[in-house]
Amino acid sequence: MLTDAQKAQYAKDGFIVIPGFKSAEQIAALRARAAQVVNDFDPAVAQGIFTTKEQEKKADDYFLGSDNTMRCFFEEEAFGPDGQLKQAKELSINKIGHAMHDLDPAFRAFTADARLEQVARDIGLAEPQVWQSMYIFKQPGIGGEVRWHQDATYFDTTPISVTTFWFALEDATLENGCMWAEPGGHRSPLRERFIREGDQVRVEKLDNTPWPTDATAVPLECKAGSLVCFHGLLPHYSAPNRSPVSRHAYTLHVTDGRAEYSKRNWIQRDASLPVRGFL
């Protein structure tokens, strides 16, 4: 799937953007299914808010219980002082997570792509294993910031192997909160590790290397249908979305089955729901 030049760019920068990977029809089908999931979601069940800030406080039972099912999470700014939604439900959801790729036919159809298997192999994953899926809405006006982080924080393997497959379902621009990344930043150390022990989670500080700044980071603007692949150690970030348009995306976190998957990672699988690859 990838040319030698693309492989070299991935090795150099820690990420690669592949335009036109998914068709308009494939995107439309996934967006329609996500809209149906949100429509069927009852906000009274749980007001789970997704945030990458103060993770130990926010990672409650609702979040931890989403590891091997499908749950909706609200934007941080979705609720007013009275605790009520400030706008329509469908404009208030931050994301759906985290096992749609295995449990839902529409999400499985989007994920089960032989071309993804080949891309994974081209960038070094001999036995791709898909642990997590997220449908991210990045809502207009209230789409939350995602602070600088490395995905290997949440999917620790020995050696580090987690790779992110991020699909733009709408154009991702500077205005609506596209991702930013530090070219070559995947050669920096792992700074934090998110650890689960039973029903408790904590963030372990590993390294004090500072996060990137505007001087070294670049925006990853891309058109709908693009696939962005990046290394688990690559620092990345997205700003709040204060624009009037959303920035829908679908993302998968994939490790190499040859690597040892930590028993302290927050997502675990057993024989009742074994981890699978793209095929």
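Placed above this text is the structure.
The rules behind the values
- Residues numbered from 1 in each chain as written.
- Predicted model: local features only at pLDDT ≥ 70, side-chain atom pairs only at ≥ 80, totals over all residues.
- Heavy atoms only, no water.
- Pairing = 2+ DSSP bridges.
- Helix = DSSP H or I, 4+ residues; strand = E, 2+ residues; numbered from the N terminus.
- Axes fitted to C-alpha atoms, helices over the stretch in contact; angles between N-to-C directions.
- Contact = heavy atoms within 4.5 Å.
- Core = buried A, V, L, I, M, F, W, Y, C linked by side-chain atoms within 4.5 Å.
- Buried < 20%, exposed > 50% of the residue type's maximum accessible area, 1.4 Å probe, protein only.
- Polar contact = N/O pair within 3.5 Å; in protein donor to acceptor, adjacent residues only side chain to side chain.

1. Digging into the sheet that holds strand 14 (residues 249–256)
Strand order in this open sheet of seven strands is 1-12-7-14-4-3-2, and the pairing throughout is antiparallel. The open sheet has two edge strands, strand 1 (15–18) and strand 2 (70–74), and neither has a second partner. Taking the axes of each pair of neighbouring strands and ignoring which way they run, one obtains an average angle of 20° across the sheet. Pairing of strand 4 (residues 128–136) with strand 14, which is carried by eight bridges, proceeds in the antiparallel orientation. Following the sheet pairing, Tyr-135 is matched in strand 14 by Tyr-250. Its contacts with the sheet place helix 1 (residues 4–13) against strand 1, strand 7 (163–168) and strand 12 (227–231), and it is angled at close to 140° to strand 1.

2. Description of the nonpolar core
Nonpolar side chains in soluble globular proteins generally cluster together in the buried interior. Ranked by size, the top nonpolar core spans 54 residues in total, and within it Ile-96, Tyr-135, Phe-165, Phe-167 and Tyr-250 carry the most contacts. When residues in this core are grouped by element, the largest group, five residues, is from helix 2 (residues 24–40). Setting aside chain neighbours within four positions, we find Phe-167 in contact with Phe-21, Lys-22, Phe-110, Leu-116, Ser-226, Leu-227, His-248, Ala-249, Tyr-250 and Leu-252. Grouped together as the second largest cluster of nonpolar side chains are 13 residues, Phe-15, Cys-178, Met-179 and Leu-234 included.

3. Notes on the sheet that holds strand 13 (residues 236–238)
The four strands lie next to each other as 5-13-8-11, forming an open sheet whose pairing is antiparallel. Here the strands that pair on one side only, and so sit at the sheet edges, are strand 5 (146–149) and strand 11 (218–219). One ladder, built from two bridges, connects strand 8 (residues 179–181) with strand 11; its direction is antiparallel. By the bridge assignment, Ala-181 is partnered in strand 11 with Val-218.

4. Some remarks on helix 7 (residues 114–122)
For helix 7, the full list of buried residues reads Leu-116, Glu-117, Val-119, Ala-120 and Asp-122. Looking at the buried positions of helix 7, the neighbouring elements they touch are helix 1, helix 6 (105–111), strand 4, strand 7 and strand 12. Capping the start of helix 7 is the job of one residue whose side-chain oxygen sits 2.8 Å from the backbone nitrogen of Arg-115: Asp-113. Positive phi shows up at Gly-124, right after helix 7, with a value of about 110°.

5. Points about the side chain of Ser-133
Along the chain, the position of Ser-133 falls in strand 4. Its relative accessible area of 0% is what places Ser-133 among the buried residues. Within the structure, the side chain of Ser-133 is placed 2.8 Å from the side chain of His-101, a separation counted as a polar contact. Setting aside anything within four residues of it in sequence, one finds Ser-133 in contact with Ile-96, Gly-97, His-98, Ala-99, Met-100, His-101, Tyr-250, Thr-251 and Leu-252.

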